[in-house]
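Below are the chains, spelled out letter by letter.
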Amino acid sequence: MPEESRLEEERRAKVARWRAEGREPYPWSFPDRVGTDAVRSAAQALAPGADAPGTTYRVAGRVRAIRQHGRTTFADLDDEAGELQLLVRVDDLGEEAYRAWLADLDPGDLIGAEGIAAHSRRGEPSLLVRSLTLLAKAISPPPEKYHGLQDVEERIRRRYLDLLASPESRARFRARSLLIRECRSYLNDAGFLEVETPVLLPVASGAAAAPFVTRSRYLDEEVQLRIALELPLKRLLVGGFERVFELGRVFRNEDLDSIHSPEFTMLEAYWAYADYHDMRRLVEGLYAHLGRRALTLFPDVAGVREAAEAFERGFATVDFLEELERTSGVRDLGSKSREELRELARAAGSSVPDDSPAGVFLDKLFEHYVEPGLTAPTFVVDHPASTTPLAKRHRSKSGRVERFEFYYRGFELGNAYTELNDPDEQERRFREQLHARGADQYAYDEDFVRALRHGMPPSTGIGIGIDRMAMAFTAAASIKDVILFPLARRR
RNA sequence: GGGCCCGUAGCUCAGCUCGGUAGAGCAGGCGGCUCUUAACCGCAAGGUCAGGGGUUCGAAUCCCCUCGGGCCCGCCA
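This structure is a prediction, so every number in the text was calculated from the model and none was measured.

Student: Can you break down the environment of Glu10 residue by residue, with the values?
Tutor: Within the secondary structure, Glu10 sits in helix H1 (residues 3-20). Since its relative accessible area comes to 39%, Glu10 is described here as partly exposed. Remark: the alpha-carbon pair of Glu10 and Asp104, spanning 94 residues in sequence, is separated by 9.8 Å.

Pasting the structure below:
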C-alpha cells in the first residue's frame, strides 16, 4: 500500500473509532472561543508558576506539534492570533479520556480546548486543559513541522499547505490585503470614488498586451478579458465624475516571470482638472501613508521597515533622456535616428525586430542601462513621445510627453500621464498603433474616441501594480510570493 | 524561443562525481517516560528513485526522449 494511503488509513481508523464511541469527528461549532493571544496574555500576567483558577478559556485551532511525556502531554495549538501551548495532564482529564485522546490526536487536527491560563514549569504560557473537543479530523498529514513545505511548486499549487505550515507566508498575504485596504482608504479620503467596469469586452484595449479570448454564447460573439482599466474609467471623466478609481484584476496573455503574471491586480485612478504634477504628489503621499500604516499593521514582516523608511524619505526625480544619457554615456539620444537607436539597442543585447518604432529601442536601452539602478524610490519623467502613444505632449519639452513611471528595488511600480484628451490626436495614434501591429489581429476602441469628442476635461491618470506594491513592502523576490494561487500548468 | 539546474518515503534531505542489495530525520505504528517546546529513549514498518526508452552481467547513478518545476537570457510599449 502506498505510504500516503497507509497514513490516511490509520487516521481514518481513528475517525471510525471516534464515531463508534458516539462522538462526532466533524462537529458544527465551538462557541465562545477566544484567540490564543487572550490566553497568552492572561498567563503572562500571572506570577511565575501560578495558575488562575478563576477564569476558563476556550480556544480552537490546528494542532502543530505533540510532545508526550507519559502522564503529561504538551501540544502546540495554532490559530490566526498565534500559537499557544496546551498542557494536558491525566490528573485533569481522567485516565480513560486522557488515554483515548492520546491515541487519536494527530498533528494537523483541528481541536477546541477549554481550560485555565497557566505557566509551564519552564515558564511557557499555556492553557491547563480541562477538556478537549475534536473539531475536524485531518486525514492527510501536514508538512514536516520544522522545515515546513520547501518545494516551490507544491507551495504554489497547494497554497493551503504553504499557509498552514508557514506563518511567514500567512503574514505576507495578510500584509498584501492590508495594503489594498489602505489604498482604498487613502483614495476615499482624497475624494476618489471607487467604481467597477467590465472585465468582458468586445475588444480589450488601453495597453498593447495580448488578450485572453473567450466567447459569449448569448451574443454569439468573441469577447476578450480586459488588459487595462483605462478606457472605461476615462469615459467616466467624460460623463462628469471627477475623481474615480478601480481596483481590479486584469489579464494579459503573456509570459510569467518574477515580476509578471498573466493575471494581476491593477489600481487605476483618474483625476479631472489635474495634471501629472498633481499625480506625483498623490503618489508620494500614498506611498508614505502606506509605509507608516505598514509599520503599525505588520511591522514584523520582512522588508517593511526598509520600504517604509525609503518611501518616507520620498522620491528622487530623474529625466528619462538625461538619465539614459548619463548611464549609457551616449550623448544627444533625443536627436538620434531610428537606425542609430536600433544599433545602440542591439549593442546592449536586445534583439527586437529591426522595423520597430524608435521608442521601442529607447525603452530597451532604458531597461538595460537605467532600470537596474533604480533601487531607491524614483520618478522617471518626461519620456520621449515615441515611447508613449497615449500621453499628452509635454507643454514645454519638445518631443516629450507628460509622463512618469516610478521605480523601487529595480522594478516599475506604476505609470502615470497627463492624459491625452484631443479626440483627433487620439484617433490618429490608435490608427498608427493598429498599423504597426497588423490590423487583422487588433481592433481599437472606436467608441472611446467618440466619447472624447464630447469633451474630456484635462486630466491625469495612473496605473499602479498592486502585486509589485506587495512585493515592495514584503521583500518578496517573485510575484508568485504575493499571488495566492498563481497560474500553473495542468498536471 | 534559447541556455543552465532540479524531481529519491506523506514532509525535509543524503546517496549520483567514479554503476554493485535505496539511507537518515520528522510524521505515522508499538512500548517507555508527569514540564516539554525541532522533547527524549527503544523496537518494528514505510520506496513506480517523476515517466518512458537505451547502454550494461548489473542503472537512483551513464545516454536519449517526455512531463512538471526553478533560474538566467530573449520576446511581450
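Student: Account for the pairing of strand S13 (residues 378-381), naming residues and giving values.
Tutor: Alternating positions in S13 separate into two faces, Thr378 and Val380 on one and Phe379 and Val381 on the other, with burial throughout. Where strand S12 (residues 316-319) meets S13, four bridges bridge the pair, whose relative direction is parallel. By the bridge assignment, Val318 is partnered in S13 with Val380. In this sheet, strand S14 (residues 403-408) lies alongside S13 in antiparallel orientation, the contact comprising four bridges. Bridging across to S14, Phe379 finds its partner in Phe406.

Student: Describe the pattern of salt bridges, naming the residues involved and giving the relevant values.
Tutor: Evaluation of the coordinates by the stated rule reveals 49 salt bridges. Residue Arg58 pairs with Glu114 through a salt bridge whose shortest N-O separation is 2.8 Å. On the criterion of sequence distance, the pair formed by Arg58 in strand S1 (residues 56-69) and Glu114 in strand S4 (residues 110-119) is long-range, its members being 56 residues apart. Here Glu114 falls in the partly exposed class, since its relative accessible area comes to 24%.

Student: Describe the environment of Ser131, with residues and values.
Tutor: Tracing the backbone through its elements, the reader meets Ser131 in strand S5 (residues 125-136). Linking Ser131 and Lys145, residues 14 residues apart in sequence, is a C-alpha distance of 25 Å. Contacts of Ser131, omitting those with residues within four sequence positions, involve Leu93, Gly112, Ala113 and Glu114.

Student: Outline the side chain of Ser478, listing residues and values.
Tutor: Along the chain, the position of Ser478 falls in the segment after helix H16 (466-474). For Ser478, a relative accessible area of 18% gives the class buried. A polar atom in the side chain of Ser478 sits 3.1 Å from the backbone nitrogen of Lys480. Here Ser478 is in contact with Ser258 and Met471, once residues within four sequence places are set aside.

Student: Tell me about the sheet that holds strand S11 (residues 263-272), residues and numbers included.
Tutor: Judged by pairing direction, the sheet is mixed, and its eight strands sit side by side in the order S6-S10-S11-S16-S15-S14-S13-S12 without closing on themselves. Every interior strand has two partners, whereas the edge strands, strand S6 (193-194) and S12, have only one. Sheet topology note: the strand S15 (residues 411-418)/strand S16 (residues 459-465) ladder contains five bridges and is antiparallel. Following the sheet pairing, Ala416 is matched in S16 by Ile462. The strands touched by helix H8 (residues 230-238) are strand S10 (243-251), S11, S15 and S16; relative to S11, the strand with the most contacts, the crossing angle is about 20°.

Student: Just give me the short version of helix H7 (residues 167-189), but keep the residues and values in it.
Tutor: For H7, which comprises 23 residues, the first-to-last C-alpha distance of 32 Å matches the rise-based estimate of 33 Å (1.5 Å per residue) to within 8%. For H7, the set of buried residues is Ser169, Arg172, Phe173, Ala175, Arg176, Leu178, Leu179, Ile180, Glu182, Cys183, Tyr186 and Leu187.

Student: Explain the nonpolar core to me, and be specific about the residues and the numbers.
Tutor: Within the largest apolar cluster, 50 residues are counted, with the highest numbers of intra-cluster contacts made by Tyr287, Phe298, Phe404, Phe406, Ile462, Met469 and Phe473. Per element, the largest residue contribution to this core is nine residues, and it comes from helix H9 (residues 276-297). Excluding anything up to four places from it in sequence, Phe406 contacts Val283, Tyr287, Phe315, Thr378, Phe379, Phe411, Glu412, Leu413, Gly414, Asn415, Ile462 and Ile464. Val90, Trp101, Leu102 and Leu105 belong to the second largest nonpolar core, which has 26 residues in total.

Student: Quick one: what's the story with the sheet that holds S1, residue by residue and with numbers?
Tutor: Strand order in the closed barrel formed by five strands is S1-S2-S3-S5-S4, and the pairing between neighbours is mixed. On average, adjacent strands in this sheet sit at an angle of 55° to one another, irrespective of strand direction.

Student: Account for the domain arrangement of chain A, naming residues and giving values.
Tutor: Assigned domains of chain A: these are domain 1 (3-142) and domain 2 (164-315 + 377-481). Here domain 1 and domain 2 have C-alpha centroids that lie 48 Å from each other.

Student: Pulling in residues and values, what's your account of the packing of H7 against H16?
Tutor: How two helices sit against one another is set out by the angle between their axes and by the gap between those axes. Relative orientation of the contacting elements H7 and H16 amounts to 120°, with a least axis distance of 10 Å. Classified by the interaxial angle, the pair formed by H7 and H16 is oblique. Here the hand of the crossing between H7 and H16 comes out right-handed. Within the contact between the two elements, H7 uses Arg172, Ala175, Arg176, Leu179, Ile180 and Cys183 and H16 uses Ile466, Asp467, Met469, Ala470, Phe473 and Thr474. Looking at the contact of H7 with H16 residue by residue, the class counts come to eight nonpolar, one polar and three charged.

Calculation notes
Residues numbered from 1 in each chain as written. Chains lettered and ligands numbered in written order. Predicted model: local features only at pLDDT ≥ 70, side-chain atom pairs only at ≥ 80, totals over all residues. Heavy atoms only, no water. Helix = DSSP H or I, 4+ residues; strand = E, 2+ residues; numbered from the N terminus. Buried < 20%, exposed > 50% of the residue type's maximum accessible area, 1.4 Å probe, protein only. Pairing = 2+ DSSP bridges. Salt bridge = Lys/Arg side-chain N within 4 Å of Asp/Glu carboxyl O. Contact = heavy atoms within 4.5 Å. Polar contact = N/O pair within 3.5 Å; in protein donor to acceptor, adjacent residues only side chain to side chain. Axes fitted to C-alpha atoms, helices over the stretch in contact; angles between N-to-C directions. Expected span 1.5 Å × (residues − 1). Core = buried A, V, L, I, M, F, W, Y, C linked by side-chain atoms within 4.5 Å. Domains from an automatic or database assignment. Parallel < 35°, antiparallel > 145°, perpendicular 65-115°, else oblique. Left-handed = near helix turned anticlockwise from the far one by under 90°. Nonpolar A, V, L, I, M, F, W, Y, C, P; charged D, E, K, R; others polar.

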